[in-house]
Each structure stands twice: as structure tokens, then as C-alpha cells.
Amino acid sequence: MNSTLIIAVVVVIVVVVLVAMTVKVVPQQRVGVVERLGKFHRLLTPGLNILIPIIEQVRIYHDLRIQQANVPPQMVITKDNVQVQIDNIIFYQVVGPEQATYGILDYVSGVRNITTATLRQIIGKMELDETLSGREKISAEMRVALDEATEKWGVRIERVEVVDIKPPMDIQEAMDKQMKAERSKRAIVLEAEAAKQDMILRAEGDKQSKILKAEGEREARIRQAEGIRQATELEALGQAKAIHSVAEAEKARIELLKEAGLDENVLAYKSFESLNEIAKGAANKVFLPTGAMDTLASMGAIGEVFKGKNSKEGAK
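Residues numbered from 1 in each chain as written. Predicted model: local features only at pLDDT ≥ 70, side-chain atom pairs only at ≥ 80, totals over all residues. Heavy atoms only, no water.

Can you help me understand the pairing of strand S2 (residues 30–36) in this one?
Consecutive side chains of a regular strand alternate in pointing toward one face of the sheet and then the other. In terms of burial, S2 is a largely internal element, 5 of the 7 residues being buried. When S2 meets strand S5 (residues 56–63), the two strands line up antiparallel, connected through 7 bridges. Bridge pairing in S5 links Val 31 to His 62. Relative to strand S3 (residues 39–44), S2 runs antiparallel, the two being bridged by 5 bridges. Its bridge partner lying in S3, Arg 36 is registered against Lys 39. (Buried < 20%, exposed > 50% of the residue type's maximum accessible area, 1.4 Å probe, protein only. Helix = DSSP H or I, 4+ residues; strand = E, 2+ residues; numbered from the N terminus. Pairing = 2+ DSSP bridges.)

When you look at the packing of aromatic side chains in this model, what are you seeing that I'm missing?
Aromatic rings in a pair are described by how distant their centres are and how their planes are angled relative to each other. One pass over the structure, following the stated rule, counts 2 aromatic pairs. For the ring pair Tyr 92 and Tyr 107, a centre distance of 6.1 Å and an interplane angle of 75° mean the geometry is edge-to-face. Remark: Tyr 107 occurs in helix H3 (residues 107–123) and Tyr 92 occurs in strand S7 (residues 83–94); sequence separation between them is 15 residues. The same class applies to Tyr 92 as to Tyr 107, namely buried. (Phe/Tyr/Trp six-rings, centres within 6.5 Å; stacked < 30°, edge-to-face > 60°.)

Would you explain the sheet that holds strand S6 (residues 67–77) in this entry?
Backbone hydrogen bonds are what pair the strands of a sheet, in a parallel or an antiparallel way. The strand order S6-S7-S8 describes an open sheet built from 3 strands, whose pairing is antiparallel. With one partner strand each, in any of the chains shown, S6 and strand S8 (155–166) form the two edges of the open sheet. On average, each strand axis in the sheet is tilted by 25° relative to the strand beside it, whichever way the strands run. Pairing between S7 and S8: 10 bridges, direction antiparallel. The residue of S8 that forms the bridge with Phe 91 is Arg 159. The sheet contacts of H3 involve S6, S7 and S8, and relative to S6 the element is tilted by about 35°. Its contacts with the sheet place helix H5 (residues 135–150) against S7 and S8, and it is angled at close to 145° to S8. (Axes fitted to C-alpha atoms, helices over the stretch in contact; angles between N-to-C directions. Contact = heavy atoms within 4.5 Å.)

So what exactly am I meant to see when it comes to H3 here?
The α-helix advances 3.6 residues per turn, and as a result positions three or four apart in sequence lie on the same side. Along its 17 residues, H3 runs 24 Å from first to last C-alpha, staying within 8% of the 24 Å computed at 1.5 Å per residue. Taken as a whole, H3 has its buried residues at Tyr 107, Gly 110, Val 111, Thr 115, Thr 116, Thr 118, Leu 119, Ile 122 and Ile 123. A distance of 3.2 Å separates the backbone nitrogen of Val 108 from a side-chain oxygen at the start of H3, and that oxygen is part of Asp 106. (Expected span 1.5 Å × (residues − 1). Polar contact = N/O pair within 3.5 Å; in protein donor to acceptor, adjacent residues only side chain to side chain.)

How should the nonpolar core be read in this particular structure?
Counting 27 residues, the largest nonpolar core has Ile 86, Ile 90, Tyr 107, Leu 119, Ile 138, Met 142 and Ile 157 as its most contacted members. Filtering out sequence-adjacent residues up to four positions away, Ile 90 remains in contact with Gln 67, Gln 68, Ala 69, Val 71, Val 111, Thr 115, Leu 146, Ile 157, Arg 159 and Val 160. (Core = buried A, V, L, I, M, F, W, Y, C linked by side-chain atoms within 4.5 Å.)

When you look at unusual backbone geometry in this model, what are you seeing that I'm missing?
Glycine aside, residues mostly have negative phi, and peptide bonds are mostly found in the trans state. Located in the positive-phi region is Gln 29, a residue other than glycine, with phi close to 65°. Of the residues examined, Gln 29 reaches a relative accessible area of 33% and is grouped as partly exposed. The residue Leu 37 is not glycine, and still its phi comes out positive at about 55°. Inspection of the secondary structure puts Leu 37 in the loop between S2 and S3. Look at Leu 37 and you get exposed, because its relative accessible area is 71%.

What is the right way to read the confidence of the model for the protein chain from this model?
Predicted coordinates in areas of low pLDDT are best not read in detail. On average, residues of the protein chain score 79 in pLDDT, and 81% of them are at 70 or above. In this model, residues 286–293 is a region of pLDDT below 50 whose contacts with residues beyond four sequence positions or in other chains number 4 contacts. In the predicted structure, residues 312–316 sits below a pLDDT of 50 and forms 0 contacts with residues beyond four places in sequence or in another chain. (pLDDT = per-residue confidence, 0-100.)

Any chance you could explain H5 here in plain terms?
Its 16 residues give H5 an end-to-end C-alpha distance of 22 Å, which sits within 8% of 22 Å, the value for a rise of 1.5 Å per residue. For H5, every residue scored as buried is listed here: Ile 138, Ser 139, Met 142, Leu 146, Ala 149 and Thr 150. For H5, the angular spread of buried residues about the axis comes to 100°, placing them on one side. Across from the buried face of H5, at angles greater than 90 degrees, the exposed residues are Glu 136 and Glu 148. (Arc of directions from axis to C-beta.)

What is the right way to look at a positive patch on the surface in this model?
On the surface, a cluster of positive charge is made up of Lys 177, Lys 180, Arg 183 and Arg 186. Checked against the element boundaries, Lys 177 lands in helix H6 (residues 169–259). (Patch = residues over 30% accessible without salt bridge, like charges linked within 9 Å, V, L, I, M, F, W, Y side chains within 5 Å. Areas by Shrake-Rupley, 256 points an atom, 1.4 Å probe, with all protein chains shown as cover. Salt bridge = Lys/Arg side-chain N within 4 Å of Asp/Glu carboxyl O. Lys, Arg positive; Asp, Glu negative; His and termini not counted. Charge placed at Lys NZ, Arg CZ, Asp CG, Glu CD.)

Below is the structure:
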């Protein structure tokens, strides 16, 4: 009874072990390298896989996701003999599981070591200032060099990031002083530029103010002259209209006298009377040309005749 139970337990254990050795479940983004009698046979893909017990076995599993390798900070020397410390990170991906298994013993250590060597070569060709400002250039050159070296390992370098570059303490202090001096210089330059712009703007404002003032004065003088001109024109027009009205009235009066039957001698005498009335004023002086004396003499005779006629009519 006991021997039967023991045999049954052993058989169950053997079956479980055989099943465990036969059935393999591989997670997503992982592959297994299968060897048959010590020789590479195939790759286990994600999902359920069946192996031949004892004859086939899984050598190693590889993660196909992008991984990162932190490279220890390295002390490298630049072209101008300055020792700097550089810290970087490598992002890589296994694309050939078979080459990653049989091409190198430990591809992670290989990536780190070749990163150190490549970094020394690149920095040795660059000066300090170029190194401090050339992180993108360093990352690009390292990626190309590492990708070429790791291609036969079944590893692809996705990205190289330079995390930090630390120069020596004395150089860093000198750089800090230089930076402060540059900032002070820029501040002084900006202050001077601001003062210059302020003076220019003030001068420009003053200039514009004077121009606007001159323009205003000129406009005022133009409008004043225009007003005077218009007033003169209106006054002359009024005088012309007044003279025209007087002339029209005088013309109408003469027409009425003619219609009344008065001859030219009577009209001349009436004009003479008007002239006499004008001359009666104390401050009035009348200047007559010499040629007008005969005319006035004849007018005087006519006046005497006219008075005599009036006196006879009065006596009757």
C-alpha cells in the first residue's frame, strides 16, 4: 500500500516536471532562445509554446522593449587639456536575440564600455568651450559610433543623452565670474541703450511738437489772411453795389428830368447850384480846372436869366 502511494506520487511529480519543461508561456515583448542538444534551434514567441523535454531547453529570455543603461560619470580630457566629468545615459533595444545571446557575453556591459571609449575619443577632439556648448553634437556622434559597434551584437542604440558636463572647480569659478561680468556688461549696455532711446524719443517728441506748432501757426495765418481777403472782397463788392445803386438812381433822376422837359442848360445850372451848396461848407474846398471857367461863366449867365424870369413871374 505504501509503495503504491509512493510510486503514484513520483509519477505525478514526473508528469508535473515534464509538463513544466514542455509548456512555456512567454509574455508580450519577450522572446526566448531555444537550444536543442546545446545548439541554437529557434525563438520562443509571445504566447503558448511547446518544447521537447530534455532535448530542448530555453537558454535565455530577452526583453525587446527599449531599455536604458546608466553609464557611470567619466573623467575625460578635452583637446585643450582640461579635465571634465561627463555623465550620460544610453537608450538601447535588442533587435537580434540570437546575436545578443551568442555575439557577446554581456551586451549591457559591452554597451557601457564602448560608450566610455567612444566618449573619450569624441571629447579629445573638442575644446572646452565647444564641449560645454555641444551636447547635441556629442550625443549625435556617440549614437552613430555606438550603433555601428553594437550592430553585430543584435543591439540598436536608440538615443544617447549627455546628462551633465562638469568642468574643474577653478574653471567653473572663472566661468561664473565671466558670466557675471557679461551680465553686468549687458546690463550697462541695455541701460545706455535705454537712455539713448529715451533721448531720441524726447528729441523726436520735441521736434514733432515744434512742427505741429509751426503748422498750427501757419494754418492760423492762412485762415486769417483768407478771412481778410474775403472781408476785402465783400467790402469791395458792397462798395461796387453801392456805386452801382447811386449811378442807377442818378440815371433814373436824369431820365425823370428829361421827361419833365428840362433842356441841357437847365440841367447844367442845377449841377452848378449843387456845386455851390457843396462849397458853402467851412471845411469844404472845391478845385476847378481852368478849362471849366468858360462853362461856369455861361452857367452864371443862364442863372441870371433864370432869376430874372422868376422875378417877372412873381411881379405879375
